[in-house]
Amino acid sequence: MLVDMLSLFFNTLNSPSFLFATMWFIVIIKIYLLMLLIPKELRTTTSKLSWFLLLCVLLGSMVSDIAWISKLTRQLIFPYSYKLHIFIVRCSWAAMVIQYQSLALFVESIVYKKYRPNLRQYITSTMSTVFSFYFVYIAFFDNNITDEIDRHKALSFISLKSPLEAQMIACVALYILVCVMLPALYFSSKAIKTKKLPRLLQKQLTIFINYFLYPFLFIECSISFNILQRYEDYRSIILGISSLLVCFSIFYCIRAILRLRFLNMDKELYAPKRANFVDEFKETLDQLSKVNTIAELSHITQHFFKKSFNVSPKKVSLIVRNEQVKVNTQQLFPIEQFIEDFMCNHTHEICSFIKKSQILMYDELSFNNFYENDPYHQTCIQFLETINADLFIPIYQKQKVIAYIVIEANARPKKLYTPVEHDEILVFANYLGNIINLLQNRNIDLLTAQERELAEELHHKDQEIMHYKESMRSFLRINNHNEVGILFYKNRRIVFGNQAAKEIIKINVNVQEGHPLSKAIHSLGRKVEEYNAQQTIYFTNQDGKEIIISGIPNLEQNNVIITLSHPEMSDVIKKQLSLLKDPTKWDYLLYLETTKTGQLINQLIPGGGEILLNFKIDLLKLSMSNKALLLDTADHDADDMAELLHHAGLRDTFHKLNLTKPATTNDYTIKLFGISPVFGIKTAEKPLFELLSSAGTLFIKNINFLDQSSQEHLLEYLKTGFWRMYKSDQKKPGNIGIVCTSSENLTLLVEEKRFSKALYDELKTTSLSMPPLSALPSEELHALTEGFSAQNRVSHKVPHLLELNEKDKNKLIATSPTSLFDIKKQVQELLLKKLEKHAIYKEAIVSPVTSDDPELIHAASMGKQALRDEQIMIMLWNKFKNQNQIASFLGVNRSSVNRRCKAYNLG
């Protein structure tokens, strides 16, 4: 079976059909190459002759391919007139002579700036013209051959009808090889070795000759001189595969040398962007942040070029133009002296050219000069040759060269510097210039501030990418099982249309009519029947997952078709998109609905509307930042937001510092930062910045009470990322998230000079103000109350009893709540009253547990072991006043709690 399949495959390749398809494919590839070459040449004024010769080569080869297509068309498809076929074949021989003559001239012309043909080339060009005219002449005027038999006899010298054509074909094959191509290859190869050509041009010629010209000539000679005659049975497969190889060689070579600025058609090399440069540069930035002397920069520069560009450290030199930083000698080396003389004495035009070029690259300059012969290029080339350099990278600061990097010649002999690498070197040079300037001027604080700003920006980008990935994963999980459930509603009865509907609803909507989901579906069905129009609502189930419920009237069956599905990405955005006037917030809307941080924010503020939605998005943005945050909101709301930011930042330790009165001593400073051991003052606890320095969050309530010293130390940390003890100069790195509030207007305190203006300016860049609840529209307040009510329904056994009607909501709004905590508390009180009517325990929804109560946190961590601790049980009884709540809190049976309460005389 396998042998038969291989035989069939081989016969297919050896068939004329395969050769016919191959020739058409080759013609299409060559047309594509022509489309690449013609637009590029129209944009440049150089190399017109070389471009024209290359064009003749491609066109001539296309005519030869068309001759093969003509022959195979007669054989396979339509046997048109043989005279027309012979006409095309003779034209192809004329085109072939032009093709090879153009190829020979092209190979020799490319190595000269201004090419002028010599006597030998004039002679071969004249002979080629004669051969071409001969074939064109007989194509038009020799019509004696009428069929393939006459043609075969003529070419085999059996007939005397056209003996000259056979002789000319044999002569042309020998002439092309011996008189045209071999001399051209010899003289072009000799020119490459003897002439000083730009390395870029040498690489182009090497690719062209080795990967195209040699294979092309070998295959053409084999066909022309009948070397493959003994394999006549396999002529189709040999011709097809050889033609394909030649075609791919042409495609590869032209594509490769076009990327190497072929014939100076492009102004720069082509190179793909590197995705890992940022990761590599992070390590370099970390090294630069720890530099203390100029001498260290040389090692960092060498390491950067070695890791990023594979340049040997011995080939890289960093020279700073400042005599006082020279090591071991005050004299300049000869190369440095020459560079200094050149930098000081060159003309203004050369100075402008260097500044415009940004980096002097020897390969680029020599290649440009080869075609354009520019005096500025010549001056810079001579300069680079004198200092034996491939690259000269001036480092500017305030329009002045303060240093430069020199990469020695042949540092990368087999690789050229691309525009992408050019840009990467510039990024490093610009950052290095700032470091040198700061080290020379001893302005380390500015450098650390810039590094801090860059680190915060990178943190924000990382957080944004992480949220985007989490959002995508969330929708992939949903979309993998996003089936559509179908219901039929008629006469207040609901019939399930498929299994997916039962899996989504999970309740009997006809029996459990009081369930919120049942009410929503029935309400939707009634509206569709009433208005005879499509209706859509969003419903959140007990698992917190959103369901889209849509209903459309079915006039034929006189019922309503209801569909249920989980929202897709477009549904989530479309739902609230109209509330966002700023398009830059659309991405954050997606994160708000699909990420864990967004879920926490929606749980904290379970309402919608334009004002609340924009506030939630602003809160989400700030949760992705690493900067200090100033909150302007009610006290209880600030506590919740601070903890939310702590969890969103994936930090380990949370600490709240509640300042109750203005500082009169340095106690706050010592508590926050500690004090130098030199003073011999020992504190019972470690300073907060030391405890939280790894990955903690510090929540400072009433920051306006901080003393001046604490404000200065805090400002220093916010600007540089380093903190220090009080009365100490030793700086320590920290990774602490700062959240703070103020009980007074900081703007007025700054005007009264009771608060640091610099610290206030730093804090107000990332401040967040909660919109007053009194300014919210009634719709948004209603949505808030409904959201808090729904949160209680999710965990309750009979959620339909915990609904607030419009009267309840209006009554709550009439009390003018000032914070989210007030609304939540009043919602719970209203629900308690409803629960009392149904004799349901109060503790089912109200719990005094707060996440910042250390006693409750300790008791919860002990679990059932807390029953054995009398002090903990007394504390729990004082807080809960109910055995059921204590049992639920500790996760134990109520009977166990009852026995312990009797033993401890509680209740």
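These figures come from a predicted structure and were not determined experimentally.

Cut-offs applied
- Residues numbered from 1 in each chain as written.
- Predicted model: local features only at pLDDT ≥ 70, side-chain atom pairs only at ≥ 80, totals over all residues.
- Heavy atoms only, no water.
- Helix = DSSP H or I, 4+ residues; strand = E, 2+ residues; numbered from the N terminus.
- Areas by Shrake-Rupley, 256 points an atom, 1.4 Å probe, with all protein chains shown as cover.
- Pairing = 2+ DSSP bridges.
- Contact = heavy atoms within 4.5 Å.
- Axes fitted to C-alpha atoms, helices over the stretch in contact; angles between N-to-C directions.
- Parallel < 35°, antiparallel > 145°, perpendicular 65-115°, else oblique.
- Left-handed = near helix turned anticlockwise from the far one by under 90°.
- Nonpolar A, V, L, I, M, F, W, Y, C, P; charged D, E, K, R; others polar.
- pLDDT = per-residue confidence, 0-100.
- Patch = residues over 30% accessible without salt bridge, like charges linked within 9 Å, V, L, I, M, F, W, Y side chains within 5 Å.
- Salt bridge = Lys/Arg side-chain N within 4 Å of Asp/Glu carboxyl O.
- Core = buried A, V, L, I, M, F, W, Y, C linked by side-chain atoms within 4.5 Å.
- Buried < 20%, exposed > 50% of the residue type's maximum accessible area, 1.4 Å probe, protein only.
- Phe/Tyr/Trp six-rings, centres within 6.5 Å; stacked < 30°, edge-to-face > 60°.
- Lys NZ or Arg CZ within 6 Å of the ring centre and 35° of its normal.
- Lys, Arg positive; Asp, Glu negative; His and termini not counted.
- Charge placed at Lys NZ, Arg CZ, Asp CG, Glu CD.

Caption draft 1: Layout of the overall build of the chain. Counting its regular elements, the chain contains 36 helices and 16 strands. Approximately 48000 Å² of the chain is accessible, and the part contributed by carbon and sulfur atoms is 56%.

Caption draft 2: Quick look at the sheet that holds strand β3 (residues 389-397). A sheet is described by the order of its strands in space; here four strands give the open sequence β1-β4-β3-β2, paired in antiparallel fashion. Two strands close off the open sheet at either side, each with one partner strand: β1 (316-320) and β2 (360-361). Two strands pair when backbone bridges link them, and β3 and strand β4 (residues 400-408) are joined in this way by eight bridges, in the antiparallel orientation. Across the sheet, residue Phe-392 finds its bridge partner in β4, namely Val-406. Along the sheet, helix α12 (residues 334-345) contacts β1, β3 and β4; its crossing angle with β4, the most-contacted strand, is approximately 135°.

Caption draft 3: Region of interest: the packing of helix α4 (residues 82-109) against helix α5 (residues 119-141). Relative to each other, α4 and α5 sit at 165°, their axes nearing to 7 Å. Taken together, the axes of α4 and α5 lie roughly antiparallel to each other. For the pair α4 and α5, the sense of crossing is left-handed. Within the contact between the two elements, α4 uses Phe-87, Arg-90, Cys-91, Trp-93, Ala-94, Val-97, Ile-98, Gln-101, Leu-105 and Glu-108 and α5 uses Arg-120, Gln-121, Thr-124, Ser-125, Ser-128, Phe-131, Ser-132, Phe-135, Val-136, Ile-138, Ala-139 and Phe-140. Looking at the contact of α4 with α5, its residues break down into 13 nonpolar, six polar and three charged.

Caption draft 4: Structural context of the environment of Asn-810. Relative to the helices and strands, Asn-810 is located in helix α31 (residues 806-814). For the pair Asn-810 and Thr-785, spaced 25 residues apart in the sequence, the C-alpha separation amounts to 9.9 Å.

Caption draft 5: Representation of the packing of α12 against helix α15 (residues 375-386). Close contact between α12 and α15 brings their axes to 10 Å; oriented N to C, the two are set at 165°. When the axes of α12 and α15 are compared, the pair comes out roughly antiparallel. Both α12 and α15 take part in a crossing whose hand is left-handed. Judged by residue contacts, Phe-338, Ile-339 and Phe-342 of α12 engage Thr-379, Phe-383 and Thr-386 from α15.

Caption draft 6: Inspection of the sheet that holds strand β10 (residues 629-632) at higher detail. Strand order in the open sheet formed by five strands is β11-β12-β15-β10-β16, with parallel pairing between adjacent strands. Here the strands that pair on one side only, and so sit at the sheet edges, are β11 (653-658) and β16 (767-769). Taken pair by pair, the neighbouring strands of this sheet meet at an average axis angle of 20°, ignoring direction. As judged from the five bridges shared by strand β12 (residues 696-701) and strand β15 (residues 736-741), these two strands associate in the parallel manner. Residue pairing across strands places Thr-697 opposite Gly-737, the latter belonging to β15.

Caption draft 7: Local environment of the confidence of the model for the chain. Confidence along the chain averages 75 in pLDDT terms, with 75% of residues attaining 70 or more. Mean pLDDT across the elements of the chain ranges from a minimum in helix α1 (residues 2-13), with 47, to a maximum in β15, with 91. Counting interchain partners and residues more than four positions distant, the pLDDT-below-50 stretch residues 227-234 has nine contacts. pLDDT under 50 marks residues 256-271. Its contacts with residues more than four places away, or in other chains, come to 64 contacts.

Caption draft 8: Fine view of a nonpolar patch on the surface. A grouping of Val-136, Tyr-137, Phe-140 and Phe-141 is seen on the molecular surface, where their side chains present a nonpolar patch of about 440 Å² in accessible area. Summarising the element assignment, Phe-141 is placed in helix α5.

Caption draft 9: Representation of the nonpolar core in the model. Counting residues in hydrophobic clusters, the biggest one holds 39 residues, and the most contacted among them are Leu-773, Leu-784 and Ile-823. Among the secondary structure elements, those contributing two or more residues to this core are α21 (586-594), α22 (596-604), α23 (610-623), β10, α24 (635-648), α30 (778-795) and α32 (820-837). The element contributing the most residues to this core is α23, with seven residues. When sequence neighbours within four positions are dropped, the list of residues in contact with Leu-773 reads Leu-781, Leu-784, Pro-817, Thr-818, Ser-819, Leu-820 and Ile-823. Core analysis: the next-biggest nonpolar cluster, separate from the first, contains 34 residues, Leu-297, Val-316, Ile-402 and Tyr-417 among them.

Caption draft 10: Local environment of the pairing of β4. The element β4 is extensively covered by neighbouring structure, given that seven of its nine residues are classed as buried. Here β1 pairs with β4 via five bridges, running antiparallel. Opposite Ser-317, over in β4, you have Val-406 as the bridge partner. The hairpin turn running from β3 into β4, its antiparallel successor, is two residues long, and Lys-398 in that turn takes a positive phi close to 55°.

Caption draft 11: Here's a closer look at the packing of aromatic side chains. Counted by the stated rule, this structure contains 18 aromatic pairs. When the centroid spacing of 5.5 Å and the interplanar angle of 50° are considered together, the rings of Phe-305 and Phe-309 count as tilted. Of this pair, Phe-305 and Phe-309 are both found in helix α11 (residues 294-309), four residues apart, which corresponds to roughly one turn of the helix. No difference in accessibility class separates Phe-305 from Phe-309, as the two residues are buried. Pairwise contacts between aromatic rings join Phe-338, Phe-342, Phe-383, Phe-392 and Tyr-404 into one cluster. A cation over an aromatic ring shows up here: Lys-502 above the ring of Phe-496, its NZ or CZ 5.9 Å from the ring centre.

Caption draft 12: How the structure looks around a positive patch on the surface. Side chains of Lys-864, Arg-868, Arg-899 and Arg-900 sit close together on the surface and give a patch of like positive charge. When you line up the elements, Arg-868 lands in the loop between α33 (854-862) and α34 (870-880).

Caption draft 13: Geometry of the pattern of salt bridges. Per the counting criterion, the structure on display carries 11 salt bridges. Of the charged contacts in the structure, one is a salt bridge between Arg-754 and Glu-752, with a shortest N-O distance of 2.7 Å. Two residues, Asp-761 and Lys-757, come together in a salt bridge whose shortest N-O distance is 3.0 Å. Of this pair, Asp-761 and Lys-757 both sit in helix α29 (residues 757-764), separated by four residues, roughly a single helical turn. A relative accessible area of 26% places Asp-761 in the partly exposed class. Within the structure, one salt-bridge network assembled from shared partners comprises Asp-639, Lys-656 and Lys-701.

Caption draft 14: Just the pairing of β3, in detail. For β3, the tally of buried residues reaches eight of nine residues, placing the bulk of the element in the interior. Bridging between β2 and β3 involves two bridges; their strand directions are antiparallel. Bridge pairing links Met-361 to Leu-391 in β3.

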